[in-house]
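# Residue-level structure breakdown
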Amino acid sequence: MQNFKFTVIGAGFVGMSMAAILAKYHQVKILDNNKIKVDLINASKSPLSEPLMEKHIVDYGQNIFATTDFEEAISDADFIIISLPTNFDEVTNSLDTKILESMIEKIVSGKTSPTVIIKSTIPVGFTERLNKKYKDSSIFFSPEFLREGSAINDNLYPSRIVVGGKTEVKGEMEKFAECLKNCSLNDDTPVHIMSSQEAEAVKLFANTYLAMRVSFFNELDSFSLSKNLDALNIIRGLSDDERVGSHYNNPSFGYGGYCLPKDTKQLLSNFENIPQKLISSIAKSNETRKEFLASEIMNKDPKIIGIYRLIMKDNSENYRNSAIIDILKILKDHEKEIIIYEPLIKEDEFHGCKIKNNLTSFKEMSSIILANRLDENIEDVNSKVFTRDLFNKD
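Attention here is on the structure that accompanies the text. Here the structure is a predicted model, which means the values were calculated and not measured.

A few words on the pairing of strand β10 (residues 191-194). Pairing between strand β9 (residues 161-164) and β10: four bridges, direction parallel. Counted as the bridge partner of Gly164 is Met194 from β10. For the segment spanning β9, helix α8 (residues 170-183) and β10, crossover handedness is right-handed.

What follows is the structure in C-alpha cells.
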C-alpha cells in the first residue's frame, strides 16, 4: 500500500473525520485558524464530541499534526482536502463559494501543480470552472455523505465513494478513492469515478431526495393529524414494503440542519431553464409543514409555550437552521410567550425568547412543551408534550 501525505483544511466534522480515518495509514496535517482546536488535536483530543473520533485521534495521533500556519500545512502535501463552509446566499440564489475559492487560489499560488480535493458542497459546474482557471492544478470533487455525530462511523462503513474530475487525472482520483477504501472497514464499498459535474450532481440530488422523503412523511403526518388518524399505523403499514423501507420515515417539525435546506435550494438553482415541478415543491412543502404545525399549536391556545431543545437530533451540538426555530418565529409573530430549554445556549435570550436552563422550572412554567425528538428528561410531563416523533429515533 502506498503511503501519502495529506493536508486537510478545516477542522469541522467533515475535515476531522477525513483526517481521523486517513491517519490510519497516512501522514495527515490539519490546517485551521482556531488555535484552541489546533492545540486540542495536537494533544490527541478531539475538538468535536464524537467518541469514535476521539478514539481514532488517540490511536493514530502519531500521524496527525495540526497547525494554523498555511505554508507549514501545504508544503509537502500529496493531496490537499478542503472542507470549508458554503452557505446559501439568497441574494445570488447560489451557494457562497468565496471562502473556498480564496483558499484554492492561495493553494495554487503557494504550491506547484497541487492536487486538491473539494469536500465542501458546491454548485454543479464549480470544479470544472476552477480546472479551466488553474490549468496546471488537479482539482476534483469528492462528496461526503456523513451524519453529524456519526461521521467516523459513516467513513468507516461508507455506502459508496464518489470522486469526480477531469479524465486526465483519473489516476489521481483512483488513488484517492483507494485511500478512502483502504481506511474503511468495508471491503466491498462501491467506487464511482466520474466527471466533476456528475459528482456534484450526485451530492445535490442525494440530499434533495432525503429532503423529499422527510417532506413526504411529514405530509403523511399532517394528513393524519387533520383526519384524526394514527400516523404510526399508516407509516408502519407503508414502510414494510421493501421498495419504501423504514429509513427517514419518522415525522418531524420539518427538515432542517445545515445541509438539506441549502443543497435543495442549490439544486433548484441549477435547474434554471430546465422543466421541473418536483424539486421546487420540496422546499414549499417544508414551509407548509412548519406553518401547519404552528397553527396546530396556536389552536391549543397555550399561555406559555416551552421549546425543549433546538437541536435536530440526539448527540448533536448544532442547532443552526433547525426547523423548530422557524416554528418559533411564526409563533412569535403571533405574540405568543415562549421559553426555551437549550443547555447549549449560554445567553439569557434567543430570538427574543427567554432561556430557562433549569429543567424543573422550565417544565413547571410551560403550558405546552414542543419537542422535535423525545427523551427521558420529559417523560414525566408527557401530557404537556407536543411532538411528531413517533418512533423516538433520529
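More follows now that the structure is in view.
Summed over all chains, the structure comprises 19 salt bridges. Residue Glu144 is joined to Lys203 by a salt bridge in which the shortest nitrogen-to-oxygen separation is 3.1 Å. Of this pair, Glu144 sits in the loop between β8 (138-141) and α7 (151-156) while Lys203 sits in helix α9 (residues 196-227), placing them 59 residues apart in sequence. One connected set of salt bridges, linked through shared partners, spans Lys5, Lys29 and Asp76.

Turning our attention to the packing of helix α12 (residues 278-299) against helix α13 (residues 323-333). Two elements in contact, α12 and α13, have axes whose closest approach is 9 Å; the angle formed by their N-to-C orientations is 55°. The angle between α12 and α13 places the two elements in the oblique class. The two elements α12 and α13 cross, and the hand of that crossing is right-handed. For the pair formed by α12 and α13, the contact residues are Lys290, Glu291, Leu293, Ala294, Ile297 and Met298 on the first element and Ala323, Asp326, Ile327, Ile330 and Leu331 on the second. Classifying every residue of the contact of α12 with α13 gives eight nonpolar, no polar and three charged.

In this section: the nonpolar core. One finds Phe6, Leu22, Val28, Ile30, Ile81, Phe140 and Phe176 to be the most contacted residues of the largest nonpolar core, which totals 35 residues. Excluding anything up to four places from it in sequence, Ile81 contacts Phe6, Thr7, Val8, Ile9, Met18, Leu22, Ile117, Lys119 and Phe176. If you look at the next biggest cluster of nonpolar residues, it comprises 24 residues, including Leu31, Ala73, Ile74 and Met194.

Let us now look at unusual backbone geometry. A positive phi is found at Asn93, a non-glycine position, where the angle reads about 60°. Among the secondary structure elements, Asn93 is positioned in the loop between β5 (88-89) and β6 (94-95). On the basis of relative accessibility, which here comes to 38%, the residue Asn93 falls in the partly exposed class.

Attention shifts here to the environment of Leu84. Along the chain, Leu84 falls in the loop between β4 (79-82) and β5. Between the alpha carbons of Leu84 and Ala20 there is a distance of 17 Å; along the sequence they are 64 residues apart. Aside from chain neighbours lying at most four places away, what touches Leu84 is Ile9, Gly10, Ile99, Leu100, Met103 and Ser120.

The subject of this paragraph is the packing of aromatic side chains. Within this structure, the stated rule accounts for eleven aromatic pairs. Plain terms: the ring middles of Phe4 and Phe6 are 6.5 Å apart, the flat faces sit at 80° to each other, and that makes the pair edge-to-face. Assigned by exposure class, Phe4 and Phe6 land together as buried. Relative to Phe176, the ring of Phe6 has its centre 6.4 Å away and its plane inclined at 50°; by these criteria the two rings are tilted. One end of the pair, Phe6, is in strand β1 (residues 5-9); the other, Phe176, is in helix α8, and 170 residues separate them in sequence. By relative accessible area, Phe176 is classed as buried at 0%. Grouping aromatic residues by their ring pairs yields a cluster made of Phe4, Phe6, Phe79, Phe140 and Phe176. Here the basic side chain of Lys106 rests over the ring of Phe70, its NZ or CZ set 4.5 Å away from the ring centre. Between Arg160 and the ring centre of Phe145, over which it is positioned, the NZ or CZ distance is 3.5 Å.

With that out of the way, let us pick up the side chain of Asn286. With respect to the helices, strands and loops of the structure, Asn286 is situated in helix α12. We classify Asn286 as buried; its relative accessible area is 4%. Residues contacting Asn286, with those up to four places away along its chain left out, are Ser215, Gly254 and Tyr255.

Turning next to helix α3 (residues 51-59). Among all positions of α3, only Met53, His56 and Ile57 are buried. For α3, the angular spread of the buried residues around the axis is 100°, confining them to a single face. Next to the buried residues of α3 lie α1 (13-22), α2 (35-42), β3 (64-67) and α7.

Its location among the elements puts Pro123 in the loop between β7 (115-118) and α6 (126-133). The class of Pro123 is buried, set by a relative accessible area of 12%. Among residues more than four places away in sequence, those in contact with Pro123 are Ser94, Leu95, Thr97, Glu200, Gln266 and Asn270.

On to the sheet that holds strand β15 (residues 368-370). One open sheet holds the six strands; their spatial order is β13-β14-β12-β11-β15-β16, and the pairing between them is mixed. The sheet is open, and its two borders are formed by β13 (349-350) and β16 (385-386), each paired with just one other strand. Relative to strand β14 (residues 353-355), β13 runs antiparallel, the two being bridged by two bridges. Its bridge partner lying in β14, Glu349 is registered against Lys354. This element, α13, spans β11 (304-308), β12 (337-341), β13, β14 and β15 of the sheet and lies at about 155° to β12.

Parameters at a glance
Residues numbered from 1 in each chain as written. Predicted model: local features only at pLDDT ≥ 70, side-chain atom pairs only at ≥ 80, totals over all residues. Heavy atoms only, no water. Pairing = 2+ DSSP bridges. Helix = DSSP H or I, 4+ residues; strand = E, 2+ residues; numbered from the N terminus. Right-handed = clockwise from strand over helix to strand, strands pointing away. Salt bridge = Lys/Arg side-chain N within 4 Å of Asp/Glu carboxyl O. Axes fitted to C-alpha atoms, helices over the stretch in contact; angles between N-to-C directions. Parallel < 35°, antiparallel > 145°, perpendicular 65-115°, else oblique. Left-handed = near helix turned anticlockwise from the far one by under 90°. Contact = heavy atoms within 4.5 Å. Nonpolar A, V, L, I, M, F, W, Y, C, P; charged D, E, K, R; others polar. Core = buried A, V, L, I, M, F, W, Y, C linked by side-chain atoms within 4.5 Å. Buried < 20%, exposed > 50% of the residue type's maximum accessible area, 1.4 Å probe, protein only. Phe/Tyr/Trp six-rings, centres within 6.5 Å; stacked < 30°, edge-to-face > 60°. Lys NZ or Arg CZ within 6 Å of the ring centre and 35° of its normal. Arc of directions from axis to C-beta.

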